[in-house]
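Tertiary structure, described
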Amino acid sequence: PEIKVFLNDQDEYIVAEAARAINDDLSIPEALPALAKMVEQTKFKSEPLLRRAISACLRVGDDASLNMLIQMAQRKDLSPSIQAEAMATIGTWASPSETDRVDGRYRGVVTRDASAVVNKVKPMLANFISSKEPSVMISLAKLLGELKMTDQSSILINMFKNDSVDVRIAALNGLNQLKDPQLAAIVDQGMHDKNTRMRAAALGLLDKVELSKESLTGIVNDFMKKGSPNEQQRLISALGKLPSAKTETILSKLLDDMKAKKLPANIMLDVTETIEKSDNTALKEKLKASQSYHNPMEEYASALQGGNVREGYRFFTENLTAQCIKCHAMRGSGSNVGPDLTHIGSTLTREQILQAMVQPSERLAPGYGVVSLTLKDGSEVFGKLDKETDKELTLITANAEPLRIPVDRIATRKNIPSSMPDMTKKMTKHEMRDVVEFLAAMK
């Protein structure tokens, strides 16, 4: 605990290192109050230091720490990102995340009195509202929503007029959290916004407003004709949350379009998943009757288009079940057990990327697989695949020189099972779609 003495050092680097030692991993709980008080100092502006001091305030959780954080959120000498982090932390005060805001380690469930936070925040709202920084305004919208400050919804309605689409989306989500009476009107405005991300966010909240079956059908028809893939995906997701009486006809029509190959590839998986998760037996049976697969690639074809690059990157680098980064390198990080995927989007098609996950032994990456060949003259060849083109295979064998074999001389080919696992047992189709989108973008 005496490590807290280093928080008094004159060197910002030393102070930041002490903050890491106190907050990160298993932490040094006895020193957290001293770290929390660092939000009051004005000498250092180190983001690693200040983020840990903010986190320490949340973890200490007393009135003094909350007061310090509220004062910090009003300081104009801090960067907007730190102001926003302080404000966002205040918003979660009553029910913090179970994981650390800085390093993600599990910290446990904490529940506090929300009314006490609201009473302290209300007198300061005027100072918070004065900021024009989008990041701060977004955090304020989240704060109002998370603390259920229903009497302050006018702030969010004014935010919805902001030029920043991110601020408008945050305001919309805040009004949804408050269950504001004007939500339906705001959602309607959002659906007609000029920005596609704003329209997609509004469509995702259709289940929160009252719509007639006819109005809903009109909205679906309109966005199926001219909406972006993201808008269509959010719309279909919302349909899955609405009563079956309103959506059965719509989903049945989408299923017919999918069977007739008229449905955009980007939303095939969304329609399938929405029906699978519904409680409509008739729709489920119709979906099942339409599904006839001759091989795994047909079954997973809906994962070829419509993924989210950011989510795919997150899965590739962070998922502990798939552990992609344990075998593959990406932009200098990772492992060389499998092929480097930094430019894989320029090398493989989407179909080949998906096949590598669904049927890893069907196609071997040059340099990472072994093949057994039977040639038309009856001879057999066994070796490590070095290169492969449409015309020939180059194998590394026991011979001194690589063996080049024309494809037209090969009678049969057998790929020795790849060390790449069958990812259908480790990933959902949704996750595969995101990873395909991410890897296809790596060029």
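Residues numbered from 1 in each chain as written. Predicted model: local features only at pLDDT ≥ 70, side-chain atom pairs only at ≥ 80, totals over all residues. Heavy atoms only, no water.

Let us look at the environment of S79. Checked against the element boundaries, S79 lands in the loop between α4 (63–73) and α5 (80–91). Exposure remark for S79: the relative accessible area of 32% places this residue in the partly exposed category. Taking the C-alpha atoms as reference points, S79 and T428, 349 residues apart in sequence, are found 40 Å from one another. (Helix = DSSP H or I, 4+ residues; strand = E, 2+ residues; numbered from the N terminus. Buried < 20%, exposed > 50% of the residue type's maximum accessible area, 1.4 Å probe, protein only.)

Turning our attention to the pattern of salt bridges. Under the criterion given, the structure shown has 28 salt bridges. One salt bridge in this structure joins K122 and D151, with 2.7 Å as the shortest N-O distance. With K122 in the loop between α6 (114–121) and α7 (125–129) and D151 in the loop between α8 (134–146) and α9 (153–159), the pair connects residues that are 29 residues apart, well separated along the chain. Judged by its relative accessible area of 36%, K122 is partly exposed. (Salt bridge = Lys/Arg side-chain N within 4 Å of Asp/Glu carboxyl O.)

For the rest of this paragraph, the subject is the layout of surface pockets. Each pocket or cavity is described by its volume, and for the largest pocket that value is around 950 Å³. Lining the largest pocket are 26 residues, and of these N230, Q233, R234, N308 and E311 lie nearest its centre. Put simply, the parts of the chain that give the lining of the largest pocket at least two residues each are α10 (165–178), α12 (196–203), α14 (229–239), α16 (268–277), α19 (309–318) and α22 (429–440). The element that contributes the greatest number of residues to the lining of the largest pocket is α14, accounting for 5 residues. (1 Å grid on protein atoms, 1.4 Å probe; cavity = no way out; pocket = protein on both sides within 12 Å on 5 of 7 lines; lining within 4 Å. Points joined across faces, edges and corners; volume = space filled by probe spheres on them.)

Ring pairs (aromatic) are described by centroid distance and by the angle formed between their planes. Under the counting rule described, the total for this entry stands at 2 aromatic pairs. On the numbers, 5.7 Å between centres and 70° between planes, the contact of Y313 with F438 is edge-to-face. Of this pair, Y313 sits in helix α19 while F438 is found in helix α22, placing the two residues 125 residues apart along the sequence. The exposure class assigned to Y313 is partly exposed, which follows from its relative accessible area of 43%. For the pair F316 and F438, a centre-to-centre distance of 5.7 Å together with 55° between the ring planes defines the contact as tilted. Separated by 122 residues along the polypeptide, F316 in helix α19 and F438 in helix α22 bring together distant segments of the chain. The residues F316 and F438 share a single accessibility class, namely buried. Linked through ring pairs, Y313, F316 and F438 together constitute an aromatic cluster. In this arrangement the basic side chain of K429 is found over the ring face of Y300, its NZ or CZ atom lying 5.2 Å from the centre. (Phe/Tyr/Trp six-rings, centres within 6.5 Å; stacked < 30°, edge-to-face > 60°. Lys NZ or Arg CZ within 6 Å of the ring centre and 35° of its normal.)

So, on to the sheet that holds strand β3 (residues 370–375). Strand order in this open sheet of 5 strands is β6-β5-β4-β3-β7, and the pairing throughout is antiparallel. Across the chains shown, the open sheet's two edge strands, defined by having one partner strand only, are β6 (403–406) and β7 (410–415). Taking each pair of neighbouring strands and ignoring which way they run, the sheet shows an average axis angle of 45°. (Pairing = 2+ DSSP bridges. Axes fitted to C-alpha atoms, helices over the stretch in contact; angles between N-to-C directions.)

On to the side chain of D270. Secondary-structure assignment places D270 in helix α16. Classification of D270 by relative accessible area gives buried; the value is 8%. Side chain to side chain, D270 and R433 meet in a polar contact 2.8 Å long. For D270, the residues in contact, after removing those within four places along its chain, are Q233, I236, H430 and R433. (Polar contact = N/O pair within 3.5 Å; in protein donor to acceptor, adjacent residues only side chain to side chain. Contact = heavy atoms within 4.5 Å.)

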